[in-house]
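The primary structure of each chain is shown beneath.
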Amino acid sequence: MSAILEAIGNFLNTLGPLIVLPIVITILGLILGMRIDRAFRSGLVTAIAFVGIFLTIGLLGEKLSTIGQAFAERTGTGLDIIDIGWPAAAALAFGTPVGNLIIPIGIALNIILLVIGLTQTLDIDIWNFWHMAFVGAIVQYVTGSFALALLAAAVSLVIALFLADWSAPLIQKHFQMPGISIPHLQSAGYMLLAVPFAWLINRIPFLRNLKLDPDTVRKRLGLLGEPIVLGLIIGILLALLAGQGWQDILGTGINIAAVMLLIPRMVAILMEGLTPVADAAREFMTKRFAGRTFHIGLDSAVLIGNPTVLAAGLLMVPIEILLALALSPLGNRTLPFIDLADGPFVAAMLAPLVAGDVLLTVILGAIVMGIGLIFTTLLAPAVTAMISTSGAAVDIPAGYAAYTVMSDAAIPTSYGLYYLFQTPVVVAAIVSLLILVGLYFLKRRFTLGEKAFTESADVAEKASTKSASD
Amino acid sequence: MKKIYLVCATGIATSTMVRLRVEGFLREQGVEAAVQQMRVTELHADRIDADLIIATTSIPADVRGRAQVVDGIPLITGQGANETLRRILEILQPAS
């Protein structure tokens, strides 16, 4: 069985994502009942998006990593691992052998879990299966086994669905979005770690009284919310501190601003390819499960417009940089970079845990990202390997430069599974099973409702904004 | 021509899903409109140049006064999608 899987893995690797993904997407579309021309178009657009993404990832190239190196040496901070950001990481993860198969496998696994009643979430956010592909990719790097990588990706999908089910009552109420849940590890993945801290800081009375007004924060720090401006500023600062000439300083600023705009544009093309498939999956399921209610699993992006989440996300920008510097004696080597624009995703599902209080959300964010920076440093070799074995045009100078992805490598489940799957297979299997069973009972016994967190917190009502429809 | 902003958290993911839905629908209805995807953080109340904002995330209060705002989530989940599309059409082609 595992020999067959390894052979499949090798075969996929030889063909590469540009050939495999369109075929997989087309076949999946046909199974889900799409017309052949639509299914084929989806597959083709997906492949085109990959051509574009691999071209633009080249912008991150050699220059950036040499500047990172110079920065680390000149400033003596030891921050020599550069954060490539989630848009690039997503594409790279989809480009791995596990990533090639993750969408059909993810949909199938989700359907099976729905049928046997282990989850109430129908995850139509198939784009975010890249988080599971990412886990698979780093596990494949460290174990060399395609079978274990698939298993790790599957475990992370089940964890995401459980977290979505568990948090659904709280999320639906806080954000006033009935019928949805968020199986999106980029936000939900931080929740489990944050819950005990949330319990704690909710009981520190004076913190609650230091109310920060989300609108003031948004107006003051609004520029940091525009990724191209953020990219320009960070790029210039980095090159300046690295002691580059003025042409290189300005050039780097423009280059990073370009990364912030162009890679996401390419990712939007990928979404264009995947959306009709997601629609088909949703219709396929609703037809067959008529009368049953389930949560529609969405990207945590739907929560981000909330004022608290936005404000906390903006405040996370300077905090992540300070954390990286402060934690460098403790082993952090990650230089927060492209994913500085990602703060709202970290904050999105932490805010409901503290009844939408901006300051408390930022404190929780700082705790999970502080721990997360150590994970990103530990995962850098795996991420670097993922980049260098992909079809992307990134030159990594031999020997020293390394990359990581702040958003995803910082998620506790990423490092947890990476670590777990290095242990003997039996141990990994048993522990995974225990985690899943534990999460299942956690979901059953300890409902993540408001009561746990919003007792005596009148801010809850004020902070949760009304949904866009009213 | 009417202008539509499609707003989500990143200007990439859910707004693309909504764009495909809305563009397909407008083509069927024979309505022309200029569609632009935006990040919610790029919205500034004094720089809004749109007749309609379709958002998959909540929109700051000061922006709400500048254009009609429609919740785009039903277009993604499928629940209530037809009502949402009808509302979009009403805003773009007010019965005169």
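Before reading on, note that the structure itself is shown above.
Residues numbered from 1 in each chain as written. Chains lettered and ligands numbered in written order. Predicted model: local features only at pLDDT ≥ 70, side-chain atom pairs only at ≥ 80, totals over all residues. Heavy atoms only, no water.

Draft legend 1. Broad picture of the overall build of chain B. The number of helices and strands found in chain B is 4 helices and 4 strands. Going from N to C terminus, chain B has its helices and strands arranged as β-α-β-β-α-β-α-α. Taking 12 Å as the expected radius of gyration for a compact globule of 96 residues, we find that chain B reaches 12 Å, a close match to that expectation. The principal-axis extents of the C-alpha atoms in chain B amount to approximately 30 × 30 × 20 Å. Out of the 96 residues in chain B, the part that is buried amounts to 59%. Taking contacts inside chain B between residues at least 6 apart in sequence as the whole, the part at least 24 apart equals 57%. Working note: accessible area of chain B is about 4200 Å², and carbon and sulfur atoms make up 42% of it. (Helix = DSSP H or I, 4+ residues; strand = E, 2+ residues; numbered from the N terminus. Rg over C-alpha atoms; globule rule 2.2 N^0.38 Å. Buried < 20%, exposed > 50% of the residue type's maximum accessible area, 1.4 Å probe, protein only. Contact = heavy atoms within 4.5 Å. Areas by Shrake-Rupley, 256 points an atom, 1.4 Å probe, with all protein chains shown as cover.)

Draft legend 2. Up close: the interface of chain A and chain B. With 38 residues of chain A in contact, the opposing surface of chain B contributes 32 residues. Carbon and sulfur atoms supply 61% of the area that chain A and chain B bury against each other, a total of about 2800 Å² over both sides. Joining chain A to chain B, the criterion identifies 2 salt bridges. Residue B:Arg21 pairs with A:Asp279 through a salt bridge whose shortest N-O separation is 4.0 Å. (Buried area = accessible area lost by both parts, 1.4 Å probe. Salt bridge = Lys/Arg side-chain N within 4 Å of Asp/Glu carboxyl O.)

Draft legend 3. Layout of the packing of aromatic side chains. Residues and elements named next belong to chain A. In this structure the tally under the stated criterion is 7 aromatic pairs over all chains. Ring plane angle 40° and centroid distance 5.8 Å describe the contact between tyrosine 415 and tyrosine 418, whose orientation is recorded as tilted. Of this pair, tyrosine 415 and tyrosine 418 both sit in helix H19 (residues 412–420), 3 residues apart, which is roughly one turn of that helix. Per residue, the accessibility class of tyrosine 415 equals that of tyrosine 418, and both read buried. Put simply, the rings of Trp86, Phe94, Trp127 and Phe345 touch in pairs and so form one group of aromatic residues. (Phe/Tyr/Trp six-rings, centres within 6.5 Å; stacked < 30°, edge-to-face > 60°.)

Draft legend 4. Representation of a nonpolar patch on the surface. All names here are of chain A. The grouping of Phe11, Leu15, Leu18, Ile19, Ile23, Ile27, Ile31, Val51 and Leu55 at the surface amounts to a nonpolar patch, some 840 Å² of accessible area in total. Contributing elements (two or more residues each) for the nonpolar patch: helix H1 (2–15), helix H2 (17–31) and helix H3 (36–57). Counting residues per element, the nonpolar patch draws most heavily on H2, which supplies 5 residues. With respect to the helices and strands, the residue isoleucine 23 is situated in helix H2. (Patch = residues over 30% accessible without salt bridge, like charges linked within 9 Å, V, L, I, M, F, W, Y side chains within 5 Å.)

Draft legend 5. Highlighting the packing of H3(A) against helix H14 (residues 246–288) of chain A. Residue and element names in this part refer to chain A. Packing of H3 against H14 leaves a shortest axis separation of 8 Å and a crossing angle of 165°. The pairing of H3 with H14 is recorded here as roughly antiparallel in orientation. Considering how the two elements wind past one another, H3 and H14 form a crossing that is left-handed. Contacts between H3 and H14 involve Arg41, Ser42, Val45, Thr46, Ala49, Phe50, Gly52, Ile53, Thr56 and Ile57 on the former and, on the latter, Leu262, Ile263, Met266, Val267, Ile269, Leu270, Glu272, Gly273, Leu274, Pro276 and Val277. Of the residues that constitute the contact of H3 with H14, the class distribution is 14 nonpolar, 5 polar and 2 charged. (Axes fitted to C-alpha atoms, helices over the stretch in contact; angles between N-to-C directions. Parallel < 35°, antiparallel > 145°, perpendicular 65-115°, else oblique. Left-handed = near helix turned anticlockwise from the far one by under 90°. Nonpolar A, V, L, I, M, F, W, Y, C, P; charged D, E, K, R; others polar.)

Draft legend 6. Summary view of the sheet that holds strand S4 (residues 68–71) of chain B. Residues and elements named next belong to chain B. Spatially, 4 strands are ordered S2-S1-S3-S4 in an open sheet, and the strand pairing comes out parallel. Every other strand in the sheet has two partners, leaving strand S2 (33–39) and S4 as the edge strands with one partner each. On average, each strand axis in the sheet is tilted by 25° relative to the strand beside it, whichever way the strands run. Sheet analysis places strand S1 (residues 2–8) next to strand S3 (residues 52–55), joined by 4 bridges and oriented parallel. Directly across from tyrosine 5, in S3, lies its bridge partner isoleucine 53. Along the sheet, helix H1 (residues 13–29) makes contact with S1, S2 and S3, crossing S1 at roughly 150°. Across the sheet, helix H4 (residues 81–92) is in contact with S1, S3 and S4; its angle to S4 comes to roughly 165°. (Pairing = 2+ DSSP bridges.)

Draft legend 7. Seen up close, empty space enclosed by the protein. Residues and elements named next belong to chain A. Scanning the entire structure with this criterion turns up 4 cavities of 30 Å³ or more. Taken as a whole, the largest cavity spans an internal volume of roughly 80 Å³. Leu224, Gly225, Leu314, Ala341 and Pro344 are the residues nearest the centre of the largest cavity, which is lined by 14 residues in total. Contributions of two or more residues to the lining of the largest cavity are made by helix H13 (227–241), helix H15 (307–326) and helix H16 (343–348). Considering every element that reaches the lining of the largest cavity, the biggest residue donor is H15, with 4 residues. For the lining of the largest cavity, a count of residues per class yields 9 nonpolar, 4 polar and 1 charged. (1 Å grid on protein atoms, 1.4 Å probe; cavity = no way out; pocket = protein on both sides within 12 Å on 5 of 7 lines; lining within 4 Å. Points joined across faces, edges and corners; volume = space filled by probe spheres on them.)

Draft legend 8. Highlighting the sheet that holds strand S4 (residues 295–297) of chain A. Residues and elements named next belong to chain A. Spatially, 3 strands are ordered S2-S4-S3 in an open sheet, and the strand pairing comes out parallel. For this open sheet the edge positions go to strand S2 (121–123) and strand S3 (180–181), each flanked by a neighbour on one side alone. Summarising the sheet, S2 and S4 pair through 3 bridges and their orientation is parallel. Counted as the bridge partner of threonine 121 is histidine 295 from S4.

Draft legend 9. Examining the pairing of S2(B) more closely. Residue and element names in this part refer to chain B. Pairing geometry for S1 and S2, over 7 bridges, is parallel. Directly across from cysteine 8, in S2, lies its bridge partner arginine 39. Chirality of the crossover, the property in question, places the unit of S1, H1 and S2 among those that are right-handed. (Right-handed = clockwise from strand over helix to strand, strands pointing away.)

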